[in-house]
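Close look at the chain arrangement
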Amino acid sequence: MRSRASVLRMAVVCAAALGLVLLGCGIAGSPASAANEDFAKINERIIDSYLLPHFQTLADESALLGGIIAGVCAGDAAKLADARGEFEKTALSWAAVDFLRMGPMAQIGRAERFHFWPDARNVTPRQVGRLVASRDESALDPQVLLKKSAAVQGLGALELLLYDDKRPITDTTDDGRYRCRLAIAAAEAVQAETLEVIAAWSGADGWRTQLLQPGVGNSPYKTTDEVTADFARAFITGLQMILDREIVQMEYAAVNPARKPLLVFARSGLTARYIVAKMQSLKQLYDAMDLAATVPKDKGWMSRWISGAFDRLSDEVPDAISNTETTGEVRSRRLRILRFQIDGIRKLVGREMATLAGLTIGFNELDGD
């Protein structure tokens, strides 16, 4: 027979082994469940303090824009400058959310209805021109406009209408009056689209509930970390959009002067400010995710480097992009520095910090483009 001491030792060993098994299974009270609770708090913070406020700002600015354009159409040509100023605020509000393609924004065509971009084939000028030529009255109803081609609604069409000095919306011709009314409809369509997105996040069965209660009802998510991973994926997508659609375009043009780069909101001169606004919003999302909290002390340099890179980008982007007097290799070098910093943030967050936090990123919005 075994001694009492031997039996006791076996019991201790078994208990320890059972503890390890339970720890690995992530039962209540374990580090795994504590991590899930942390992810739940992170998700709630991102939705309530970051995502929804930014969409509300877009709704508010587009509402103001529609009202100011209505004043222009009523005969106050001096308000065109005010309309352009409010358009800039609206476009920069869109910059803060254009990469958040999850929930209602993941629905096919929704992002394009906000802003049909990139438009390498000049679809927007052609289709808006056809509307004006035919004086399609149905397009003046924002709800009808939302059902038409994405190229004739949203911010792309608005920029075209507001910044066409050869055919201004202040023109008193029939074409001018139609273009002005179409601009009102486009602004109201942006507001209506934004309000639909906000409404889709709200309510008992809305996307907010689906993200905060994964595994319940119609939620496409099974766990809280899947939701946080989707926000991290949106963050990486935003950085990739800046690289692919702006920085790389300008780099190529710097060494190929004959080629004019296709840049976001170039007609209104907002390219640099748009990128800065997007970078500022991405920094807010990065802070809200708080991935730095999961980084061990020996890798603390990563979060410090990312913070410094965001600061440098805020300082360097406006001049590096807007200063077209610097050309050739000098401009290429400045743009390469921007690309290095943006790509560095993307790789550190996607490949290092997300992994340390226990997140699986996988593919992003731009993969396969």
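Here is what the cut-offs are and how they apply
- Residues numbered from 1 in each chain as written.
- Predicted model: local features only at pLDDT ≥ 70, side-chain atom pairs only at ≥ 80, totals over all residues.
- Heavy atoms only, no water.
- Helix = DSSP H or I, 4+ residues; strand = E, 2+ residues; numbered from the N terminus.
- Buried < 20%, exposed > 50% of the residue type's maximum accessible area, 1.4 Å probe, protein only.
- Contact = heavy atoms within 4.5 Å.
- Areas by Shrake-Rupley, 256 points an atom, 1.4 Å probe, with all protein chains shown as cover.
- Axes fitted to C-alpha atoms, helices over the stretch in contact; angles between N-to-C directions.
- Parallel < 35°, antiparallel > 145°, perpendicular 65-115°, else oblique.
- Left-handed = near helix turned anticlockwise from the far one by under 90°.
- Nonpolar A, V, L, I, M, F, W, Y, C, P; charged D, E, K, R; others polar.
- Disulfide = S-S within 2.5 Å.
- Core = buried A, V, L, I, M, F, W, Y, C linked by side-chain atoms within 4.5 Å.
- Expected span 1.5 Å × (residues − 1).
- Salt bridge = Lys/Arg side-chain N within 4 Å of Asp/Glu carboxyl O.
- Phe/Tyr/Trp six-rings, centres within 6.5 Å; stacked < 30°, edge-to-face > 60°.
- Lys NZ or Arg CZ within 6 Å of the ring centre and 35° of its normal.

**Description of the overall build of the protein chain**
- Assigned secondary structure in the protein chain consists of 13 helices and 0 strands.
- Taken across its 369 residues, the protein chain has 48% of its residues classed as buried.
- For the protein chain, restricting intrachain contacts to residue pairs at least 6 apart in sequence, the fraction spanning at least 24 positions comes to 75%.
- Surface accessibility of the protein chain: about 18000 Å² in total, with carbon and sulfur atoms responsible for 54%.

**Let's talk about the packing of helix α10 (residues 224–255) against helix α13 (residues 328–356)**
- Direction vectors running N to C along α10 and α13 enclose 165°, while the axes themselves pass 10 Å from each other. When the axis of α10 is compared with that of α13, the two are roughly antiparallel. For α10 against α13, the interelement crossing comes out left-handed.
- Looking at the contact of α10 with α13 residue by residue, the classes come out as 14 nonpolar, 4 polar and 6 charged.

**A word on the environment of G238**
- Within the fold, G238 resides in helix α10.
- Taking the C-alpha atoms as reference points, G238 and R101, 137 residues apart in sequence, are found 9.7 Å from one another.
- Among all residues touching G238, those that are not within four sequence positions of it are F99, K278 and L282.

**Focus: the state of the cysteines**
- Scanning the entire structure with this criterion turns up 1 disulfide.
- Each sulfur in the disulfide pair C73 and C180 lies 2.1 Å from the other. With the S-S dihedral at roughly -105°, the linkage between C73 and C180 falls on the left-handed side. Linking C73 in helix α2 (residues 31–73) with C180 in helix α8 (residues 174–201), this pair joins segments that are 107 residues apart in sequence.

**Concerning the nonpolar core**
- The biggest cluster of nonpolar side chains holds 110 residues, and the ones touching the most others in it are I69, F87, L158, L162, F231 and F235.
- If one sorts the elements of this core by residue count, α8 sits on top with 14 residues.

**Here's the deal with helix α11 (residues 271–289)**
- With 19 residues, α11 extends 27 Å between its outermost C-alpha atoms, agreeing within 8% with the 27 Å of an ideal straight helix rising 1.5 Å per residue.
- For α11, the buried fraction is high: 14 of the 19 residues fall into the buried class.

**Here's the deal with unusual backbone geometry**
- Residue P118 is reached from W117 by a cis peptide bond, and omega for that bond is -5°.
- Positive phi is not limited to glycine here, since R135 has a value of about 50°.
- Here R135 shows up in the loop between α5 (123–134) and α6 (142–145).

**Brief notes about the side chain of S303**
- Within the secondary structure layout, S303 lies in helix α12 (residues 301–322).
- Among the residues examined, S303 registers a relative accessible area of 16% and is labelled buried.
- Setting aside chain neighbours within four positions, we find S303 in contact with Y286, A292 and M353.

**Some words on the pattern of salt bridges**
- Tallying each qualifying case throughout the model produces 21 salt bridges.
- As a salt-bridge pair, R208 and E44 come within 3.6 Å of each other at their nearest N and O atoms. In this pair, R208 sits in helix α9 (residues 207–212) while E44 sits in helix α2, placing the two residues 164 residues apart along the sequence.
- Looking at E44, the relative accessible area reads 39%, which means it is partly exposed.
- With its nearest N and O atoms 2.7 Å apart, the salt bridge here joins D175 to R135. Remark: R135 occurs in the loop between α5 and α6 and D175 occurs in helix α8; sequence separation between them is 40 residues.
- On the basis of relative accessible area, D175 is assigned to the partly exposed category, the value being 34%.
- Look at R135 and you get partly exposed, because its relative accessible area is 35%.
- Via salt bridges that share partners, R110, R113, E193 and E196 belong to a single interconnected network.

**Concerning the packing of aromatic side chains**
- As enumerated under the stated definition, the model contains 8 aromatic pairs in all.
- Seen in terms of ring centroids, W94 and F114 are 4.8 Å apart; in terms of plane orientation they differ by 15°. Their pairing is stacked. Note that W94 is positioned in helix α3 (residues 79–95) and F114 in helix α4 (residues 110–114), a separation of 20 residues in sequence. Neither residue differs from the other here; W94 and F114 are each classed as buried.
- The structure contains a cluster of three or more aromatic residues connected by ring pairs, namely F87, Y163, F265 and Y274.
- A cation over a ring is seen here: R312 above W305, with NZ or CZ 5.7 Å from the ring centre.

These values are about where atoms sit, not about what they do.
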